[in-house]
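Summary of the model geometry
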Amino acid sequence: MKPEIRICPEIDSLSRAAAKAVFEIATAAVLQSGRFTLALAGGNTPRHLYGMLASEYRDKMPWHSTHLFWSDERNVSKTSPESNFKMAHDSMISKLSIPPQNIHPIPTELESPESAAQTYEEHLRDFFQLENGGLKYPKFDLVLLGLGEDGHTASLFPGDPILNEKEKQVAAVNASSKYKTQERITLTLRVINSAENVFFIVSGGKKKEVAKTILDGSEDSREKYPAAMVQPKDALVWFLDAEAAGEH
Ligand code: 6PG
(Lines give C-alpha, C1' and ligand atoms only; values in the text may rest on other atoms or scores of the structure.)
Protein backbone atom coordinates (compact mmCIF):
# COMPACT_ATOMS: atom_id res chain seq x y z
CA MET A 1 0.00 0.00 0.00
CA LYS A 2 1.42 3.41 -0.95
CA PRO A 3 1.83 5.64 2.08
CA GLU A 4 0.24 9.05 2.30
CA ILE A 5 2.98 11.70 2.17
CA ARG A 6 2.48 15.06 3.88
CA ILE A 7 5.18 17.66 3.39
CA CYS A 8 5.26 20.77 5.60
CA PRO A 9 7.65 23.74 5.36
CA GLU A 10 9.48 23.12 8.66
CA ILE A 11 9.37 21.30 12.00
CA ASP A 12 6.74 23.57 13.54
CA SER A 13 4.18 23.20 10.75
CA LEU A 14 5.09 19.50 10.51
CA SER A 15 4.39 19.02 14.22
CA ARG A 16 1.18 21.02 13.95
CA ALA A 17 -0.11 18.86 11.10
CA ALA A 18 0.84 15.68 12.94
CA ALA A 19 -0.76 16.90 16.18
CA LYS A 20 -4.05 17.55 14.37
CA ALA A 21 -3.93 14.08 12.84
CA VAL A 22 -3.18 12.49 16.24
CA PHE A 23 -6.13 14.37 17.75
CA GLU A 24 -8.47 13.18 14.97
CA ILE A 25 -7.44 9.54 15.41
CA ALA A 26 -7.70 9.83 19.19
CA THR A 27 -11.19 11.28 19.00
CA ALA A 28 -12.38 8.60 16.59
CA ALA A 29 -10.80 5.80 18.64
CA VAL A 30 -12.41 6.95 21.89
CA LEU A 31 -15.77 7.28 20.17
CA GLN A 32 -15.44 3.77 18.76
CA SER A 33 -13.83 1.85 21.62
CA GLY A 34 -13.73 4.17 24.61
CA ARG A 35 -9.94 4.44 24.52
CA PHE A 36 -6.99 5.60 22.40
CA THR A 37 -3.83 3.49 22.40
CA LEU A 38 -0.75 5.39 21.25
CA ALA A 39 2.83 4.09 20.95
CA LEU A 40 5.27 7.00 21.19
CA ALA A 41 8.41 7.41 19.08
CA GLY A 42 11.73 8.18 20.73
CA GLY A 43 14.64 10.32 19.61
CA ASN A 44 14.35 14.11 19.33
CA THR A 45 12.11 14.97 16.39
CA PRO A 46 8.82 14.06 18.13
CA ARG A 47 9.63 16.45 20.98
CA HIS A 48 7.98 19.29 19.07
CA LEU A 49 4.87 17.21 18.40
CA TYR A 50 4.61 16.16 22.04
CA GLY A 51 4.96 19.77 23.13
CA MET A 52 2.14 20.78 20.80
CA LEU A 53 -0.12 17.99 22.08
CA ALA A 54 0.52 19.24 25.62
CA SER A 55 -0.21 22.86 24.74
CA GLU A 56 -2.48 23.50 21.74
CA TYR A 57 -4.25 20.16 22.23
CA ARG A 58 -4.05 20.08 26.01
CA ASP A 59 -7.78 20.71 26.45
CA LYS A 60 -8.85 18.95 23.24
CA MET A 61 -7.22 15.53 23.46
CA PRO A 62 -9.16 12.82 25.39
CA TRP A 63 -6.24 12.36 27.81
CA HIS A 64 -8.24 10.43 30.39
CA SER A 65 -8.97 7.76 27.78
CA THR A 66 -5.51 7.87 26.20
CA HIS A 67 -3.00 5.10 26.94
CA LEU A 68 0.64 5.90 26.21
CA PHE A 69 3.11 3.18 25.26
CA TRP A 70 6.58 3.36 23.70
CA SER A 71 7.68 2.02 20.30
CA ASP A 72 11.14 1.50 21.74
CA GLU A 73 13.39 2.45 24.64
CA ARG A 74 17.02 2.61 25.50
CA ASN A 75 18.00 0.35 28.40
CA VAL A 76 18.64 3.25 30.78
CA SER A 77 16.89 4.68 33.82
CA LYS A 78 13.80 6.80 33.25
CA THR A 79 15.75 9.80 34.49
CA SER A 80 18.58 9.37 31.99
CA PRO A 81 18.91 12.02 29.23
CA GLU A 82 18.99 9.02 26.86
CA SER A 83 15.56 7.83 27.98
CA ASN A 84 12.68 8.00 25.49
CA PHE A 85 10.36 7.95 28.49
CA LYS A 86 12.10 11.02 29.90
CA MET A 87 11.83 12.85 26.57
CA ALA A 88 8.07 12.25 26.40
CA HIS A 89 7.64 12.96 30.12
CA ASP A 90 9.50 16.28 29.99
CA SER A 91 7.92 17.49 26.72
CA MET A 92 4.36 16.30 27.29
CA ILE A 93 3.33 13.99 30.14
CA SER A 94 4.56 16.23 32.95
CA LYS A 95 2.34 19.03 31.57
CA LEU A 96 -0.84 16.96 31.57
CA SER A 97 -3.04 15.15 34.07
CA ILE A 98 -3.05 11.72 32.51
CA PRO A 99 -4.08 8.96 34.94
CA PRO A 100 -0.85 7.18 35.99
CA GLN A 101 -2.36 3.82 35.05
CA ASN A 102 -2.63 5.10 31.46
CA ILE A 103 1.10 5.45 31.14
CA HIS A 104 2.85 2.23 30.12
CA PRO A 105 6.62 2.72 30.00
CA ILE A 106 8.99 -0.06 29.03
CA PRO A 107 10.29 -1.36 32.40
CA THR A 108 14.00 -0.62 32.08
CA GLU A 109 14.36 -0.83 35.87
CA LEU A 110 14.36 -4.62 35.55
CA GLU A 111 17.58 -6.63 35.69
CA SER A 112 18.12 -6.97 31.93
CA PRO A 113 16.77 -5.69 28.59
CA GLU A 114 15.58 -9.24 27.89
CA SER A 115 13.55 -9.18 31.09
CA ALA A 116 12.18 -5.74 30.22
CA ALA A 117 11.16 -6.95 26.76
CA GLN A 118 9.47 -10.08 28.09
CA THR A 119 7.65 -8.17 30.81
CA TYR A 120 6.48 -5.50 28.36
CA GLU A 121 5.25 -8.17 25.95
CA GLU A 122 3.29 -9.83 28.76
CA HIS A 123 1.83 -6.45 29.64
CA LEU A 124 0.78 -5.85 26.02
CA ARG A 125 -0.79 -9.32 25.81
CA ASP A 126 -2.76 -8.59 28.94
CA PHE A 127 -3.74 -5.03 28.04
CA PHE A 128 -4.89 -5.96 24.53
CA GLN A 129 -6.46 -9.19 25.87
CA LEU A 130 -4.78 -11.23 23.15
CA GLU A 131 -5.56 -14.55 24.81
CA ASN A 132 -9.31 -14.17 24.53
CA GLY A 133 -9.66 -11.28 22.13
CA GLY A 134 -8.88 -13.20 18.98
CA LEU A 135 -5.94 -10.92 18.14
CA LYS A 136 -2.48 -12.42 17.55
CA TYR A 137 -0.68 -9.10 18.00
CA PRO A 138 -1.52 -5.90 19.91
CA LYS A 139 -3.39 -3.48 17.64
CA PHE A 140 -2.42 0.07 18.55
CA ASP A 141 -4.70 2.83 17.30
CA LEU A 142 -1.56 4.76 16.37
CA VAL A 143 2.18 4.04 16.36
CA LEU A 144 4.51 7.01 16.00
CA LEU A 145 7.93 6.38 14.48
CA GLY A 146 11.05 8.32 13.59
CA LEU A 147 13.58 7.61 10.85
CA GLY A 148 17.30 7.19 11.35
CA GLU A 149 19.78 8.20 8.64
CA ASP A 150 20.57 4.50 8.19
CA GLY A 151 16.89 3.70 7.65
CA HIS A 152 16.29 2.34 11.15
CA THR A 153 13.05 2.97 12.95
CA ALA A 154 12.15 2.35 16.57
CA SER A 155 15.16 0.21 17.53
CA LEU A 156 14.94 -1.93 14.41
CA PHE A 157 18.34 -1.58 12.75
CA PRO A 158 19.46 -2.71 9.28
CA GLY A 159 20.60 -6.33 9.15
CA ASP A 160 19.31 -7.25 12.59
CA PRO A 161 17.75 -10.77 12.59
CA ILE A 162 14.89 -9.32 14.65
CA LEU A 163 13.57 -7.92 11.36
CA ASN A 164 12.43 -11.45 10.48
CA GLU A 165 10.90 -12.15 13.90
CA LYS A 166 7.46 -13.71 13.52
CA GLU A 167 6.53 -14.53 17.11
CA LYS A 168 8.06 -12.03 19.53
CA GLN A 169 6.17 -8.77 19.99
CA VAL A 170 8.84 -6.98 22.04
CA ALA A 171 12.55 -7.71 21.77
CA ALA A 172 15.86 -6.75 23.34
CA VAL A 173 18.33 -5.73 20.64
CA ASN A 174 21.75 -4.09 20.38
CA ALA A 175 22.33 -0.94 18.37
CA SER A 176 25.72 -0.46 16.78
CA SER A 177 28.53 1.17 18.74
CA LYS A 178 27.90 4.43 16.90
CA TYR A 179 24.94 4.92 19.22
CA LYS A 180 25.51 6.12 22.75
CA THR A 181 23.11 3.50 24.18
CA GLN A 182 23.40 0.17 22.44
CA GLU A 183 21.10 -1.89 24.66
CA ARG A 184 17.56 -1.30 23.41
CA ILE A 185 14.05 -2.72 23.75
CA THR A 186 11.76 -2.43 20.72
CA LEU A 187 8.37 -3.36 19.34
CA THR A 188 8.84 -5.82 16.49
CA LEU A 189 7.63 -5.24 12.93
CA ARG A 190 4.72 -7.67 13.45
CA VAL A 191 3.31 -5.37 16.12
CA ILE A 192 4.04 -2.14 14.27
CA ASN A 193 2.46 -3.50 11.10
CA SER A 194 -0.63 -4.57 13.04
CA ALA A 195 -1.40 -0.99 14.04
CA GLU A 196 -4.52 0.77 12.80
CA ASN A 197 -2.41 3.82 11.94
CA VAL A 198 1.34 4.44 11.66
CA PHE A 199 2.90 7.90 11.37
CA PHE A 200 6.52 8.63 10.51
CA ILE A 201 7.69 12.04 11.74
CA VAL A 202 10.83 13.01 9.79
CA SER A 203 12.72 16.28 9.83
CA GLY A 204 16.04 17.50 8.41
CA GLY A 205 18.08 17.24 5.26
CA LYS A 206 20.26 14.42 6.60
CA LYS A 207 17.36 12.03 6.07
CA LYS A 208 16.30 13.11 2.60
CA GLU A 209 18.25 10.42 0.73
CA VAL A 210 17.02 7.52 2.81
CA ALA A 211 13.47 8.92 2.93
CA LYS A 212 13.42 9.32 -0.86
CA THR A 213 14.73 5.80 -1.42
CA ILE A 214 12.12 4.36 0.92
CA LEU A 215 9.24 6.42 -0.46
CA ASP A 216 10.21 5.55 -4.04
CA GLY A 217 9.12 2.09 -2.93
CA SER A 218 11.98 0.17 -4.53
CA GLU A 219 12.18 -3.56 -3.75
CA ASP A 220 15.74 -3.39 -2.46
CA SER A 221 14.85 -0.59 -0.05
CA ARG A 222 12.32 -2.94 1.49
CA GLU A 223 15.08 -5.48 2.06
CA LYS A 224 17.62 -2.94 3.27
CA TYR A 225 15.84 -0.39 5.43
CA PRO A 226 13.72 -1.38 8.44
CA ALA A 227 11.62 1.76 7.99
CA ALA A 228 10.69 0.50 4.52
CA MET A 229 9.43 -2.74 6.08
CA VAL A 230 6.77 -0.78 7.96
CA GLN A 231 3.83 -1.71 5.75
CA PRO A 232 0.70 -1.73 7.89
CA LYS A 233 -2.36 -2.93 6.02
CA ASP A 234 -4.21 0.10 7.32
CA ALA A 235 -3.13 3.75 7.30
CA LEU A 236 0.53 4.79 6.88
CA VAL A 237 1.37 8.50 6.77
CA TRP A 238 4.81 10.03 6.35
CA PHE A 239 5.07 13.56 7.76
CA LEU A 240 8.19 15.24 6.34
CA ASP A 241 9.50 18.76 6.53
CA ALA A 242 10.74 20.35 3.27
CA GLU A 243 14.37 19.48 4.04
CA ALA A 244 13.65 15.81 4.66
CA ALA A 245 11.52 15.79 1.52
CA GLY A 246 14.47 17.17 -0.46
CA GLU A 247 12.57 20.31 -1.35
CA HIS A 248 15.27 22.62 -0.05
C1 6PG B 1 15.28 6.08 19.29
C2 6PG B 1 14.19 6.16 18.28
C3 6PG B 1 14.77 6.16 16.91
C4 6PG B 1 14.55 7.55 16.37
C5 6PG B 1 15.37 7.79 15.14
C6 6PG B 1 15.24 9.24 14.69
O7 6PG B 1 15.09 5.45 20.34
O8 6PG B 1 16.30 6.73 19.04
O9 6PG B 1 13.19 5.32 18.45
O10 6PG B 1 14.21 5.21 16.04
O11 6PG B 1 13.17 7.71 16.08
O12 6PG B 1 16.73 7.52 15.47
O13 6PG B 1 15.67 10.06 15.74
P14 6PG B 1 15.54 11.67 15.61
O15 6PG B 1 14.10 11.94 15.47
O16 6PG B 1 16.12 12.18 16.90
O17 6PG B 1 16.34 12.06 14.41
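Shown above is the structure to which this text applies.
Here is what the cut-offs are and how they apply
Residues numbered from 1 in each chain as written. Predicted model: local features only at pLDDT ≥ 70, side-chain atom pairs only at ≥ 80, totals over all residues. Heavy atoms only, no water. Helix = DSSP H or I, 4+ residues; strand = E, 2+ residues; numbered from the N terminus. Buried < 20%, exposed > 50% of the residue type's maximum accessible area, 1.4 Å probe, protein only. Lys, Arg positive; Asp, Glu negative; His and termini not counted. Charge placed at Lys NZ, Arg CZ, Asp CG, Glu CD. Salt bridge = Lys/Arg side-chain N within 4 Å of Asp/Glu carboxyl O. Contact = heavy atoms within 4.5 Å. Near = heavy atom within 4 Å. Polar contact = N/O pair within 3.5 Å; in protein donor to acceptor, adjacent residues only side chain to side chain. Areas by Shrake-Rupley, 256 points an atom, 1.4 Å probe, with all protein chains shown as cover. Nonpolar A, V, L, I, M, F, W, Y, C, P; charged D, E, K, R; others polar. Arc of directions from axis to C-beta. Core = buried A, V, L, I, M, F, W, Y, C linked by side-chain atoms within 4.5 Å. Pairing = 2+ DSSP bridges. Axes fitted to C-alpha atoms, helices over the stretch in contact; angles between N-to-C directions.

1. Remarks on the overall build of the protein
- Regarding its fold elements, the protein presents eight helices and nine strands.
- Principal-axis analysis of the C-alpha atoms places the extent of the protein at approximately 45 × 40 × 35 Å.
- Relative to its 248 residues, the protein shows a buried fraction of 56%.
- The averaged location of the 34 negative side-chain charges in the protein is 2 Å from the averaged location of its 28 positive side-chain charges.

2. With respect to the pattern of salt bridges
- The final tally for this structure, using the stated rule, is 15 salt bridges.
- Notably, a salt bridge pairs Arg16 with Glu56, separated by 2.5 Å at the nearest N-O pair. Within this pair, whereas Arg16 is found in helix α1 (residues 11-33), its partner Glu56 is found in the loop between α2 (46-55) and β3 (66-70), the two being separated by 40 residues in sequence.
- The class of Glu56 is partly exposed, set by a relative accessible area of 37%.
- The shortest N-O distance in the salt bridge between Glu167 and Lys136 comes to 3.3 Å. With Glu167 in the loop between β5 (142-145) and β6 (170-174) and Lys136 in the loop between α5 (130-133) and β5, this pair connects stretches of sequence that are 31 residues apart.
- Each member of the salt-bridge network shares a partner with another, and the members are Asp12, Arg16 and Glu56.

3. Quick look at α2
- If you check which residues of α2 are buried, you get Pro46, Leu49, Tyr50, Met52, Leu53 and Ala54.
- Looking at the buried residues of α2, the elements they touch are α1, β2 (36-40), α3 (84-91), β5 and β8 (197-202).

4. Digging into the site of the ligand
- Inspection of the region around the ligand gives 14 residues, with Asn44, Thr45, Asp72, Ala154 and Lys207 positioned closest.
- The side chain of His152 places a nitrogen or oxygen atom 2.8 Å from an oxygen atom of the ligand.
- Protein chains bury 88% of the 420 Å² of accessible surface belonging to the ligand in isolation.
- For the shell around the ligand, a count of residues per class yields two nonpolar, eight polar and four charged.

5. Regarding helix α7 (residues 208-215)
- All buried positions along α7 are accounted for by Val210, Ala211, Ile214 and Leu215. For α7, the angular spread of the buried residues around the axis is 125°, confining them to a single face.
- On its buried side, α7 packs onto β1 (4-8), α8 (219-224) and β9 (235-241).
- At the C-terminal side of α7, Gly217 shows a positive phi close to 75°.

6. Focus: the side chain of Asn84
- On the secondary structure map, Asn84 appears in helix α3.
- Residue Asn84 is classed as buried on the basis of its relative accessible area of 2%.
- Polar contacts involving the side chain of Asn84 include one to the main-chain carbonyl oxygen of Asp72, which spans 3.2 Å.
- In contact with Asn84, not counting residues within four places along its chain, are Gly42, Gly43, Trp70, Asp72, Glu73 and Arg74.

7. Side note on the nonpolar core
- Met92, Phe140, Leu144, Phe199 and Trp238 are the most contacted members of the largest nonpolar core, which totals 82 residues.
- Looking at this core, the element that brings in the most residues is α1, giving nine residues.
- Here Phe140 is in contact with Thr37, Leu38, Ala39, Phe69, Leu124, Phe128, Leu187, Val191, Ala195, Glu196 and Asn197, once residues within four sequence places are set aside.

8. Structural notes on the sheet that holds strand β4 (residues 72-74)
- Strand order in the open sheet formed by three strands is β4-β7-β6, and the pairing between neighbours is antiparallel. Looking at the sheet topology across the chains shown, the edges are occupied by β4 and β6. The mean angle between the axes of side-by-side strands here comes to 20°, regardless of whether they run parallel or antiparallel.
- Where β4 meets strand β7 (residues 183-187), three bridges bridge the pair, whose relative direction is antiparallel. Its bridge partner lying in β7, Asp72 is registered against Thr186.
- Of the strands in this sheet, β6 and β7 are in contact with helix α4 (residues 113-127), which crosses β6 at around 160°.

9. Thoughts on the pairing of β8
- With respect to burial, β8 is a largely interior element, six of its six residues being buried.
- Every second residue of β8 is oriented toward a common face, with Asn197, Phe199 and Ile201 on one face and Val198, Phe200 and Val202 on the other, all of them buried.
- As judged from the six bridges shared by β8 and β9, these two strands associate in the parallel manner. Within β9, the position partnered with Ile201 by the bridge is Phe239.

Function-wise, these values are silent; they only describe arrangement.
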